[in-house]
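A closer look at the structure
The residues making up each chain are set out below.
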Amino acid sequence: MRIEQISEHIWSLSTWVIIPIHIWAIVEEDGITLVDAGISLMNKGIVRFIEQEIKRPLRRIVLTHGHSDHTGAIRGLLAKYPDVTVHAHEVEIPYMEGRMPYPRRKKAQQSVAAGLANPLAETSRGELASVGGLSVHLTPGHSPGHVVYYHERDGVMLAGDLFTSKKGKLRKPMPMFTADMEEAVRSSEIVRKLRPKRLEICHGDSVVQPAEQIDAYLSRHGASEGIPLNR
(Lines give C-alpha, C1' and ligand atoms only; values in the text may rest on other atoms or scores of the structure.)
Protein backbone atom coordinates (compact mmCIF):
# COMPACT_ATOMS: atom_id res chain seq x y z
CA MET A 1 0.00 0.00 0.00
CA ARG A 2 1.31 3.43 -0.90
CA ILE A 3 1.29 6.14 1.77
CA GLU A 4 1.72 9.82 0.95
CA GLN A 5 1.34 12.89 3.13
CA ILE A 6 -0.60 15.36 0.99
CA SER A 7 -1.00 18.24 3.46
CA GLU A 8 -0.19 19.15 7.04
CA HIS A 9 -2.93 16.95 8.50
CA ILE A 10 -3.88 14.52 5.72
CA TRP A 11 -2.32 11.33 4.42
CA SER A 12 -3.42 9.40 1.33
CA LEU A 13 -3.38 5.59 1.56
CA SER A 14 -3.80 3.82 -1.74
CA THR A 15 -3.59 0.56 -3.61
CA TRP A 16 -4.24 -0.55 -7.18
CA VAL A 17 -6.67 -3.30 -8.17
CA ILE A 18 -7.50 -2.75 -11.85
CA ILE A 19 -8.07 0.90 -10.89
CA PRO A 20 -6.56 3.03 -8.11
CA ILE A 21 -8.30 3.05 -4.74
CA HIS A 22 -7.54 5.90 -2.36
CA ILE A 23 -8.63 6.46 1.22
CA TRP A 24 -7.47 9.22 3.56
CA ALA A 25 -6.35 9.64 7.16
CA ILE A 26 -6.78 12.97 8.92
CA VAL A 27 -4.37 13.17 11.85
CA GLU A 28 -5.29 15.54 14.65
CA GLU A 29 -3.98 15.84 18.21
CA ASP A 30 -6.64 13.51 19.62
CA GLY A 31 -6.21 10.81 16.96
CA ILE A 32 -7.10 9.75 13.44
CA THR A 33 -10.23 10.11 11.36
CA LEU A 34 -10.27 7.68 8.43
CA VAL A 35 -12.25 8.77 5.38
CA ASP A 36 -13.45 5.61 3.63
CA ALA A 37 -12.08 2.13 4.27
CA GLY A 38 -11.17 0.87 0.82
CA ILE A 39 -11.04 -2.87 0.24
CA SER A 40 -10.25 -5.64 2.71
CA LEU A 41 -6.69 -6.23 1.51
CA MET A 42 -5.85 -2.69 2.68
CA ASN A 43 -6.54 -3.62 6.30
CA LYS A 44 -2.99 -4.62 7.27
CA GLY A 45 -1.49 -1.56 5.64
CA ILE A 46 -3.92 0.73 7.46
CA VAL A 47 -3.07 -0.87 10.80
CA ARG A 48 0.65 -0.58 10.09
CA PHE A 49 0.21 3.10 9.21
CA ILE A 50 -1.69 3.74 12.46
CA GLU A 51 0.59 1.81 14.78
CA GLN A 52 4.05 2.24 13.25
CA GLU A 53 3.95 5.58 11.45
CA ILE A 54 1.42 7.81 13.19
CA LYS A 55 1.16 6.13 16.59
CA ARG A 56 -2.12 7.79 17.49
CA PRO A 57 -5.49 6.11 18.06
CA LEU A 58 -8.03 5.60 15.30
CA ARG A 59 -11.09 7.50 16.51
CA ARG A 60 -13.65 7.11 13.73
CA ILE A 61 -14.29 6.01 10.16
CA VAL A 62 -16.42 8.35 8.06
CA LEU A 63 -17.69 7.24 4.66
CA THR A 64 -18.26 9.19 1.48
CA HIS A 65 -20.76 6.46 0.60
CA GLY A 66 -21.41 2.78 1.14
CA HIS A 67 -20.16 0.97 -1.97
CA SER A 68 -18.08 -2.09 -1.16
CA ASP A 69 -14.79 -0.60 -2.38
CA HIS A 70 -15.19 2.08 0.30
CA THR A 71 -16.16 -0.19 3.19
CA GLY A 72 -14.03 -3.31 2.72
CA ALA A 73 -11.55 -2.86 5.60
CA ILE A 74 -14.16 -1.86 8.18
CA ARG A 75 -14.67 -5.36 9.55
CA GLY A 76 -10.97 -5.97 10.10
CA LEU A 77 -10.39 -2.54 11.61
CA LEU A 78 -13.25 -2.92 14.07
CA ALA A 79 -11.94 -6.32 15.11
CA LYS A 80 -8.67 -4.58 15.97
CA TYR A 81 -10.18 -1.34 17.31
CA PRO A 82 -13.65 -2.16 18.67
CA ASP A 83 -14.29 1.33 20.08
CA VAL A 84 -14.05 3.01 16.67
CA THR A 85 -17.30 4.43 15.34
CA VAL A 86 -18.47 4.36 11.72
CA HIS A 87 -20.49 7.18 10.17
CA ALA A 88 -22.36 7.76 6.89
CA HIS A 89 -25.16 9.98 5.69
CA GLU A 90 -28.51 8.73 6.94
CA VAL A 91 -29.84 8.51 3.37
CA GLU A 92 -27.05 6.07 2.49
CA ILE A 93 -27.46 3.65 5.38
CA PRO A 94 -30.44 1.57 4.12
CA TYR A 95 -28.56 0.87 0.88
CA MET A 96 -25.26 -0.11 2.48
CA GLU A 97 -27.04 -2.31 5.01
CA GLY A 98 -28.70 -4.19 2.16
CA ARG A 99 -32.26 -3.15 3.02
CA MET A 100 -32.70 -1.39 -0.34
CA PRO A 101 -31.04 -1.85 -3.72
CA TYR A 102 -29.00 1.08 -4.93
CA PRO A 103 -30.71 2.91 -7.80
CA ARG A 104 -30.16 1.12 -11.14
CA ARG A 105 -29.31 -2.10 -9.27
CA LYS A 106 -31.63 -5.08 -9.40
CA LYS A 107 -30.65 -6.52 -6.03
CA ALA A 108 -29.76 -5.10 -2.66
CA GLN A 109 -26.24 -5.83 -1.48
CA GLN A 110 -25.00 -5.46 2.07
CA SER A 111 -21.60 -3.82 2.52
CA VAL A 112 -21.77 -3.24 6.28
CA ALA A 113 -23.57 -5.03 9.08
CA ALA A 114 -26.98 -3.72 10.07
CA GLY A 115 -26.77 -1.17 12.86
CA LEU A 116 -23.03 -0.65 12.45
CA ALA A 117 -23.05 2.78 10.77
CA ASN A 118 -24.21 5.87 12.63
CA PRO A 119 -25.89 8.73 10.77
CA LEU A 120 -23.67 11.76 10.37
CA ALA A 121 -24.64 14.31 13.00
CA GLU A 122 -26.55 17.46 12.18
CA THR A 123 -26.47 20.91 13.73
CA SER A 124 -29.50 22.60 15.29
CA ARG A 125 -30.06 24.27 11.89
CA GLY A 126 -30.28 20.92 10.12
CA GLU A 127 -26.86 21.16 8.46
CA LEU A 128 -24.32 18.37 8.54
CA ALA A 129 -22.01 18.86 11.52
CA SER A 130 -18.24 18.91 11.20
CA VAL A 131 -16.37 15.76 12.21
CA GLY A 132 -12.70 15.17 12.86
CA GLY A 133 -11.65 18.58 11.55
CA LEU A 134 -13.74 18.15 8.41
CA SER A 135 -16.86 19.91 7.20
CA VAL A 136 -19.35 17.58 5.53
CA HIS A 137 -21.36 18.31 2.38
CA LEU A 138 -24.10 16.22 0.78
CA THR A 139 -23.29 15.58 -2.91
CA PRO A 140 -25.78 12.99 -4.17
CA GLY A 141 -25.73 11.36 -7.56
CA HIS A 142 -23.06 8.70 -7.55
CA SER A 143 -25.11 7.28 -4.69
CA PRO A 144 -28.14 8.74 -2.90
CA GLY A 145 -26.25 9.71 0.26
CA HIS A 146 -22.82 10.50 -1.16
CA VAL A 147 -20.93 13.21 0.76
CA VAL A 148 -17.60 14.98 0.44
CA TYR A 149 -15.37 16.10 3.30
CA TYR A 150 -13.48 19.40 3.32
CA HIS A 151 -10.50 20.22 5.51
CA GLU A 152 -10.64 23.99 5.41
CA ARG A 153 -7.37 24.56 7.25
CA ASP A 154 -5.44 22.49 4.72
CA GLY A 155 -7.62 23.48 1.77
CA VAL A 156 -8.18 19.84 0.79
CA MET A 157 -11.46 18.28 -0.36
CA LEU A 158 -11.83 14.51 -0.09
CA ALA A 159 -14.34 13.83 -2.83
CA GLY A 160 -14.80 10.06 -2.87
CA ASP A 161 -16.49 9.15 -6.16
CA LEU A 162 -17.92 12.57 -6.98
CA PHE A 163 -15.41 12.59 -9.85
CA THR A 164 -12.79 10.46 -11.46
CA SER A 165 -9.64 12.10 -12.84
CA LYS A 166 -6.71 11.55 -15.15
CA LYS A 167 -3.48 13.52 -15.25
CA GLY A 168 -4.95 16.15 -12.95
CA LYS A 169 -8.07 16.71 -15.04
CA LEU A 170 -11.60 16.24 -13.71
CA ARG A 171 -13.71 13.53 -15.27
CA LYS A 172 -17.20 12.38 -14.43
CA PRO A 173 -17.75 9.41 -12.11
CA MET A 174 -17.88 5.92 -13.59
CA PRO A 175 -21.29 5.62 -15.31
CA MET A 176 -21.63 1.90 -14.55
CA PHE A 177 -21.69 2.55 -10.80
CA THR A 178 -23.39 5.96 -10.71
CA ALA A 179 -27.02 6.05 -9.66
CA ASP A 180 -27.94 9.41 -11.24
CA MET A 181 -25.34 11.05 -13.45
CA GLU A 182 -27.30 14.28 -13.85
CA GLU A 183 -27.44 14.70 -10.09
CA ALA A 184 -23.77 13.75 -9.72
CA VAL A 185 -22.69 16.38 -12.24
CA ARG A 186 -24.87 18.97 -10.55
CA SER A 187 -23.28 18.11 -7.19
CA SER A 188 -19.89 19.12 -8.59
CA GLU A 189 -20.92 22.73 -7.89
CA ILE A 190 -19.62 22.16 -4.34
CA VAL A 191 -16.12 22.66 -5.76
CA ARG A 192 -17.06 26.09 -7.07
CA LYS A 193 -18.59 26.96 -3.69
CA LEU A 194 -15.69 25.87 -1.46
CA ARG A 195 -12.80 26.39 -3.89
CA PRO A 196 -10.35 23.90 -2.36
CA LYS A 197 -6.65 24.14 -3.16
CA ARG A 198 -6.55 20.41 -3.78
CA LEU A 199 -9.13 17.74 -4.61
CA GLU A 200 -8.58 14.09 -3.76
CA ILE A 201 -10.51 11.36 -5.58
CA CYS A 202 -10.87 7.66 -4.81
CA HIS A 203 -10.36 6.41 -8.37
CA GLY A 204 -7.96 8.93 -9.83
CA ASP A 205 -5.10 11.28 -9.12
CA SER A 206 -5.03 14.63 -7.29
CA VAL A 207 -6.46 17.75 -8.89
CA VAL A 208 -4.88 21.09 -7.99
CA GLN A 209 -7.11 24.20 -7.95
CA PRO A 210 -10.12 22.19 -9.20
CA ALA A 211 -12.49 25.19 -9.20
CA GLU A 212 -10.60 26.46 -12.24
CA GLN A 213 -11.90 23.40 -14.14
CA ILE A 214 -15.54 23.44 -13.06
CA ASP A 215 -16.89 25.64 -15.85
CA ALA A 216 -15.26 23.44 -18.48
CA TYR A 217 -16.39 20.29 -16.64
CA LEU A 218 -20.01 21.43 -16.57
CA SER A 219 -19.86 22.62 -20.15
CA ARG A 220 -18.61 19.21 -21.21
CA HIS A 221 -20.76 16.97 -19.03
CA GLY A 222 -23.59 19.23 -17.91
CA ALA A 223 -24.86 19.89 -21.40
CA SER A 224 -25.25 16.18 -22.10
CA GLU A 225 -27.20 15.82 -18.84
CA GLY A 226 -29.36 18.90 -19.47
CA ILE A 227 -27.82 20.98 -16.70
CA PRO A 228 -27.46 24.77 -17.18
CA LEU A 229 -24.07 26.31 -16.41
CA ASN A 230 -24.32 28.67 -13.44
CA ARG A 231 -21.46 31.15 -13.24
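Reference entry: report on the structure contained in this document. (Residues numbered from 1 in each chain as written. Predicted model: local features only at pLDDT ≥ 70, side-chain atom pairs only at ≥ 80, totals over all residues. Heavy atoms only, no water.)

All told, the structure shown has three aromatic pairs when counted by the stated rule. Ring centres of Tyr95 and Tyr102 lie 5.1 Å apart, and the angle between their planes is 20°; this geometry places the pair in the stacked category. (Phe/Tyr/Trp six-rings, centres within 6.5 Å; stacked < 30°, edge-to-face > 60°.)

Here the focus is the environment of Ser165. Looking at the element boundaries, Ser165 is found in strand E11 (residues 164-166). C-alpha separation for the pair Ser165 and Arg186, spaced 21 residues apart in sequence, amounts to 17 Å. What Ser165 contacts, discounting residues up to four positions off in sequence, is Arg171, Ile201, His203, Gly204, Asp205 and Val207. Within the structure, the side chain of Ser165 is placed 2.7 Å from the backbone oxygen of Asp205, a separation counted as a polar contact. (Helix = DSSP H or I, 4+ residues; strand = E, 2+ residues; numbered from the N terminus. Contact = heavy atoms within 4.5 Å. Polar contact = N/O pair within 3.5 Å; in protein donor to acceptor, adjacent residues only side chain to side chain.)

Approximately 460 Å³ is the volume found for the largest pocket. Lining the largest pocket are 24 residues, with His67, Ser68, Asp69, Arg105 and Phe177 positioned closest to its centre. Grouping the amino acids of the lining of the largest pocket by side-chain chemistry returns 10 nonpolar, nine polar and five charged. By volume, the second largest pocket is sized at about 270 Å³. Arg2, Ser14, His22, Gly204 and Asp205 are, among the 14 residues lining the second largest pocket, the residues nearest its centre. Where the lining of the second largest pocket is concerned, the elements lending two or more residues are strand E1 (2-5), strand E2 (10-17), strand E3 (19-28) and strand E13 (198-200). In terms of residues, the lining of the second largest pocket owes the most to one element, E2, which gives four residues. Of the residues belonging to the lining of the second largest pocket, the class tally is three nonpolar, six polar and five charged. (1 Å grid on protein atoms, 1.4 Å probe; cavity = no way out; pocket = protein on both sides within 12 Å on 5 of 7 lines; lining within 4 Å. Points joined across faces, edges and corners; volume = space filled by probe spheres on them. Nonpolar A, V, L, I, M, F, W, Y, C, P; charged D, E, K, R; others polar.)

Here we come to the pairing of strand E9 (residues 147-151). Taken across its five residues, E9 has five buried, putting it largely inside the fold. Side chains Val147, Tyr149 and His151 project from E9 onto one buried face, and the interleaved Val148 and Tyr150 project onto a second face that is buried too. Across four bridges, the pairing between strand E8 (residues 135-138) and E9 is antiparallel. Across the sheet, Val136 pairs through a bridge with Tyr149, a residue of E9. In terms of strand pairing, E9 meets strand E10 (residues 156-158) through three bridges, oriented antiparallel. Note on E10: the bridge partner recorded for Tyr149 is Leu158. Between E9 and E10, which follow one another and run antiparallel, lie four residues, and Gly155 among them has a positive phi close to 70°. (Buried < 20%, exposed > 50% of the residue type's maximum accessible area, 1.4 Å probe, protein only. Pairing = 2+ DSSP bridges.)

Moving on: the pattern of salt bridges. Following the criterion strictly, the structure yields nine salt bridges and no others. The shortest N-O distance in the salt bridge between Arg125 and Glu127 comes to 3.3 Å. The exposure class assigned to Glu127 is partly exposed, which follows from its relative accessible area of 41%. One salt bridge connects Glu182 with Arg186, and the closest N-O pair in it is separated by 2.7 Å. Taken together, the residues Glu182 and Arg186, both in helix H4 (residues 181-187) and four residues apart, mark about one turn of the helix. (Salt bridge = Lys/Arg side-chain N within 4 Å of Asp/Glu carboxyl O.)

Ordered by their spatial adjacency, seven strands build an open sheet running E1-E2-E3-E4-E5-E6-E7, and the pairing between neighbours is mixed. The open sheet is flanked by E1 and strand E7 (117-119), the only strands paired with a single partner. Going across the sheet, the axis of each strand differs from the next one's by a mean of 30°, ignoring polarity. When strand E4 (residues 31-35) meets strand E5 (residues 58-62), the two strands line up parallel, connected through four bridges. When the sheet's bridge partners are listed, Thr33 is paired in E5 with Arg60. In this fold helix H1 (residues 43-54) packs onto E1, E2, E3, E4 and E5, with an angle of close to 145° to the strand it touches most, E2. (Axes fitted to C-alpha atoms, helices over the stretch in contact; angles between N-to-C directions.)

This brings us to the side chain of Asp161. For Asp161, the position within the fold is in the loop between E10 and E11. Salt bridges are absent for the buried Asp161, whose nearest opposite-charge side chain, Arg105, sits at 9.9 Å. Here the side chain of Asp161 touches His65 through a polar contact of 3.3 Å, side chain to side chain. Side chain to side chain, Asp161 and His70 meet in a polar contact 3.0 Å long. Setting aside chain neighbours within four positions, we find Asp161 in contact with His65, His70, His142, His146, Pro173, Cys202 and His203. (Lys, Arg positive; Asp, Glu negative; His and termini not counted.)

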